[in-house]
Amino acid sequence: LDLDSPQWRDCPQLLPKVLIGYVPRGNESAGVYKKNSDAVTTPSCVALCCEQPSCNVVFMFKETCFLIECESDSLCEPVLREEPQFGNNVRMVLVRPVNAGGRWGDISDMPPPVDYSRDKLWFSNNLQDLDMAESSLDKVCMMDCPDHEHCSVATGTCVCDDGYLRNRQGDCISAGNMTAVSALLLSPSRESTESPSSTKVSEGLDSTSKLPVQTLHVSVVSKMVRLPENGAALSAYTIPAELPGGEKYNYEWTLISQPEGSSKGTMTDKNGETLKLSNLSEGVYKFKVAVSGPGVYGEALANVTVMPPKRINRPPVAIVKPASKTVKLPNTGAVLDGSSSYDDDGIIAWHWELQKGPLGYQPYLQDSPTLVLNNLNITGNYTFTLTVEDSDHEKNSTVANITVLQMPDYPPVANAGQDVILYLPHNNVTLNGSLSSDDKVIVNWEWTKSPSDQDKAVDMQKTRTPYLELSNLEEGMYTFILKVTDEADQFDTSTVHVFVKPPTNKPPTANAGKNMTVSLPQTTVLLDGSKSSDDIKIVSWNWEMVRQ
């Protein structure tokens, strides 16, 4: 079985060997045998076992699949039956040990053959008993060996015909086409079905000499480096560490995959125990090492992961705009903006705190880049702290100050207007106080007579407006007082005088209007003398023609 095949990756404890001619040491008592009629090949039977966590061992009788739930690892331990009737009829694959964390031993560690001739066994040493077992396990066909191979009666495995050797792909080819080294490098996917011996061919040696071929346990520890370091070394470890007699292993390192776009990497000592790497780029490199020696071969994979350079973090910088602000009542709102704060990798958190403020002010401050305040209705100084935090949890803080002022409220200015002169019989007038003013607003208007004029007769109307209407005034001088009040109850007064004079008789002024021109046949015209005036009153009008 090929461990590199994707179908076995979910079975990490699988021993990649098909044990031909082996049966469980405990036979029927090894555990629970579950027959599966859908699987007629060893790989399909193994795939079913991998999918079932309770399955420990696959047992094939000809083309019938049995999934064994073992009672213990020792009862399912494979035992070679050398009797000819077993051979290719029975196969075992060790999928997962019963004990958690356990691993199966190599086939070379399997127990020696056991003589069961005296026991009443599931399989005994005569063909009739095997036929009985066959009747209970269903009759199926015998497995045929591939081209240039034959079944070894001694081992129950397919071996190469004379004059042929098995290459690394697992095929038996003519010995004349293979080198001495390649004859030893057998594929793991086929070594389990191979006889425990293989032909060694080299110049000057007899091609019929036999050399045992065993799996060599090879391991390599994956490495991780971080740029700017761009070199690494991978070392292969073997069990055993060296060959008998101190002979060294042969090493061959190959690059399996590398980061996309990477072409500058350098490999040194590709045929040594330790592979040196340099000029690596960011990404993952995958390497394979093949280790071989007389009669042994093994492979291992390892990764070299090159991490990007570690970022040197710079602390964030907290910025608040504006850093200081004045709020004048009755305004009570303000905005502090911290979104201009910055960091080399980005800010992940903003936190606002009231560092100092008037007694009793306890606002809710939302942790966001912009702080909106709406309740600054107490005069005084406020200090807010903004703390920002970056992705490396480094922090930085800054402050912003807000001053809340009570704006001065000036008293109003009263303006009662200009003094007025009246000539009897005119005895009414309207006083105008609309020129009075205040820095905010006048809320109250009040007209009164001077206390010294309380006995003077006059009719006063609209005394709570800017305009005071007076009538029925008598001859003499009147003094009127205008009082205006603002919303802070601040007030101001202004006085105005009205002089009422006795009648006077000045001559009237006649105004006959404009000269007129009449064109015949029109014979009529209208003369207008309404613009004539008198200090008192015009009582009569008289028109005379002075010339024709």
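Fair warning: this is a prediction, and the values are worked out from it, not measured in the lab.

A. Seen up close, the packing of aromatic side chains. Inspection of every chain in the model, using the stated rule, returns six aromatic pairs. Between Y33 and F66, the ring centres sit 6.5 Å apart and the planes meet at 70°, which makes this aromatic pair edge-to-face. Of this pair, Y33 sits in strand 3 (residues 31–36) while F66 sits in strand 5 (residues 64–70), and the two are 33 residues apart along the sequence. Given a relative accessible area of 6%, F66 falls into the buried group.

B. Spatial organisation of helix 1 (residues 42–51). For helix 1, every residue scored as buried is listed here: T42, C45, V46, C49 and C50. Projection of helix 1 onto a plane perpendicular to its axis shows the buried side chains occupying an angular sector of 140°, all on one side. In this structure, the buried residues of helix 1 make contact with strand 4 (57–61), strand 5 and strand 7 (90–94).

C. Focus on the pattern of salt bridges. Tallied over the full model, the rule gives ten salt bridges. Here D392 makes a salt bridge to R311, at a shortest N to O gap of 2.6 Å. Of this pair, D392 sits in the loop between strand 27 (380–390) and strand 28 (395–406) while R311 sits in the loop between strand 22 (296–307) and strand 23 (324–329), placing them 81 residues apart in sequence. Among the residues examined, D392 registers a relative accessible area of 37% and is labelled partly exposed. Look at R311 and you get partly exposed, because its relative accessible area is 35%. Put simply, R311, D344, D345 and D392 are held in one network by salt bridges that share partners.

D. The sheet that holds strand 32 (residues 459–461), seen in detail. Here three strands make up an open sheet; going across it, the order is 30-33-32 and the pairing antiparallel. Strands with a single pairing partner mark the edges of an open sheet, and in this sheet they are strand 30 (429–432) and strand 32. Each strand axis lies, on average, 25° off the axis of its neighbour in the sheet, ignoring direction.

E. Main features of the environment of S292. Relative to the elements of secondary structure, S292 occurs in strand 21 (residues 283–293). Judged by its relative accessible area of 7%, S292 falls in the buried class. Linking S292 and L216, residues 76 residues apart in sequence, is a C-alpha distance of 7.8 Å.

Criteria and thresholds
Residues numbered from 1 in each chain as written. Predicted model: local features only at pLDDT ≥ 70, side-chain atom pairs only at ≥ 80, totals over all residues. Heavy atoms only, no water. Phe/Tyr/Trp six-rings, centres within 6.5 Å; stacked < 30°, edge-to-face > 60°. Helix = DSSP H or I, 4+ residues; strand = E, 2+ residues; numbered from the N terminus. Buried < 20%, exposed > 50% of the residue type's maximum accessible area, 1.4 Å probe, protein only. Arc of directions from axis to C-beta. Contact = heavy atoms within 4.5 Å. Salt bridge = Lys/Arg side-chain N within 4 Å of Asp/Glu carboxyl O. Pairing = 2+ DSSP bridges. Axes fitted to C-alpha atoms, helices over the stretch in contact; angles between N-to-C directions.

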